[in-house]
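Residue-level structural notes
Here is how the chains run, residue by residue.
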Amino acid sequence: MPYDKGTVVMVDVYAPTLRLARAFLAEGHPVVRVQSTPGVPPVYQGSFTTDEFADNIVHVGDQEATCKAVAAHEPVAVITGGELGVELADQLSQALGLATNGTRLSGARRHKHTQIETIKAAGLPGTRQHLASSADDAAAWHRELGGRVVVKPVRSAGNDGVIFCATPEDTAAAYERNAEATNIFSFRNEGVVVQEHLVGTEYAVNTVSRDGRHRATDIWRYMKISANGVTDRISAAVSVHPDSPEHARLTAYGFGVLNALEVRHGPAHLEIMLTCDGPRLVEAGIRLCGADAAYFAQLSAGESQIERTVDCYLHPERFLATLDDVQRVERHVAMAYLTSPVTGVLDGYPLLPEVQALESFHNLHITVSEGGKLPLTIDDTSEPMMVGLAHASEHVLARDLNTVHYLDGAGFYRLRSGDAA
């Protein structure tokens, strides 16, 4: 199709947020991609393509040169396409005088320790935490705090490097593991934070903002299991009804987080634990939610971060005019993330027909196909399959989701003879 409107620049758009780039293209706006790193991170290399972009500008550390190359396209918006591009998008949008969150708190929007301290300084309740300087220091803080803690890199994404620790000795080992590691973006971890282990129910709150006014497009409740030596692995995300009491509490707290981090424009993905003491921020990503949540949000309530983000940057008057519209619910939706307890060469999914026969079954996203190497599921990048469920009845959805979890076990995966582990 002809692109006769202003250019939109997206920094570090990869497969997880390609749907947003395509939404801008569908509106008649060419999209220029900026890559904030000289190379493509290995986690994205298998799905990486530049075919749909008007240009691909690779940033090699010279901000002035990159800004000049971007300016040549006369962009109407510069936004981040993923976690890795948050800070460069802030720099470029500010330098070009476009809608921007600015650079004053860019670091806080990426650095997990600074992020929590920033919202606490703004008066919001936040997690007790410690920026560790060594394994002994991390263990000593855990010993003083007591209970369980979570150890994580200060800059990464997803659950990369997140380790739950029961003892100070575990925490020391987790510190060493993270301090010596490179993250999923292929950067050496630059710091390790130790945080208290929050007890409660975790939610994902997805938002879009314009001029400092916010809209919660979709909220998801996480279901978790402990499996394969991993504590609190997310096994499903279930849509939260806008009329539920937790929706209002999470939204109010989430908007406070956005204000504290000076998020004025664009999408954000907030992970919030609802504890007995109230909501607490787990972490915030000032970018679109991944895992194709936008598709399922649209399926549930006819609204997602995708079209709201397009409106935010291209049609701000329309965005603001509909900011407080009541959200309708068409279906209750769940995304079930399967957890393989075995590893080897996959020969098939013998129980998959039973999943597909469920009343609320909607779709599948298979990561490991027959003949592929099935890893033991220990993180978000090793899950073999996602099952999408949707139904007008919340009770049918809950029943079928429980059935998926019942079926998902050793019997769900058939390995080729001699390959089981």
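An unreviewed UniProt entry annotates the chain as ATP-grasp domain-containing protein of Streptomyces zagrosensis.

Along helix α3 (residues 63-71), the residues that are buried comprise T66, C67 and V70. For α3, the buried positions fall inside an angular range of 100 degrees around the axis, keeping them on one side. Pointing more than 90 degrees away from the buried face of α3 are the exposed residues E64 and K68. Packing partners of the buried residues in α3 comprise β1 (7-11), β2 (31-35), β3 (55-58), β4 (75-80) and α4 (86-95). N-capping of α3 is provided by D62, with a side-chain oxygen placed 3.2 Å from the backbone N of E64.

This brings us to the pairing of strand β11 (residues 230-239). Two faces make up the sheet, and in a regular strand the side chains alternate between them. Burial analysis of β11 places seven of its 10 residues in the buried class, which makes it a mostly covered element. Relative to β11, strand β10 (residues 213-227) is paired through seven bridges, and the arrangement is antiparallel. Considered in β11, the bridge of W220 is made with S239. The turn linking β10 back onto β11 is made up of two residues, and N228 within it adopts a positive phi angle of 55 degrees. The pairing of β11 with strand β14 (residues 332-337) spans three bridges and is antiparallel. Bridge pairing in β14 places A236 opposite A336.

Right, let's talk about the sheet that holds strand β7 (residues 163-165) for a bit. In spatial order, the strands read β5-β8-β6-β7; together these four strands make up an open sheet with antiparallel pairing. Two strands close off the open sheet at either side, each with one partner strand: β5 (129-132) and β7. Taken over all neighbouring pairs, the strand axes of this sheet differ in orientation by 25 degrees on average, direction set aside. Pairing of β5 with strand β8 (residues 192-196), which is carried by four bridges, proceeds in the antiparallel orientation. Following the sheet pairing, H130 is matched in β8 by V194. Helix α5 (residues 112-121) contacts β5, β6 (149-153) and β8 of the sheet and is inclined by roughly 145 degrees relative to β5. Running over the sheet, helix α7 (residues 168-179) touches β5, β6, β7 and β8 and is turned about 10 degrees from β6.

Counted under the stated rule, the structure contains 26 salt bridges. Close ionic contact of R233 with E383 constitutes a salt bridge, the shortest N to O distance being 3.4 Å. Taken together, the positions of R233 in strand β11 and E383 in the loop between β17 (373-374) and β18 (385-391) put the pair 150 residues apart, joining distant regions of the chain. E383 matches R233 in its accessibility class, with the two residues each being buried. Of the charged contacts in the structure, one is a salt bridge between R414 and D347, with a shortest N-O distance of 3.1 Å. Here R414, found in strand β19 (residues 414-415), pairs with D347, found in strand β15 (residues 344-348); they are 67 residues apart in sequence, far enough to count as distant. The exposure class of D347 is partly exposed, given its relative accessible area of 24%. Ionic contacts of the salt-bridge type, sharing partners, join the residues E83, E87, R110, R155 and R287 into one network.

Calculation notes
Residues numbered from 1 in each chain as written. Predicted model: local features only at pLDDT ≥ 70, side-chain atom pairs only at ≥ 80, totals over all residues. Heavy atoms only, no water. Buried < 20%, exposed > 50% of the residue type's maximum accessible area, 1.4 Å probe, protein only. Helix = DSSP H or I, 4+ residues; strand = E, 2+ residues; numbered from the N terminus. Arc of directions from axis to C-beta. Contact = heavy atoms within 4.5 Å. Polar contact = N/O pair within 3.5 Å; in protein donor to acceptor, adjacent residues only side chain to side chain. Pairing = 2+ DSSP bridges. Axes fitted to C-alpha atoms, helices over the stretch in contact; angles between N-to-C directions. Salt bridge = Lys/Arg side-chain N within 4 Å of Asp/Glu carboxyl O.

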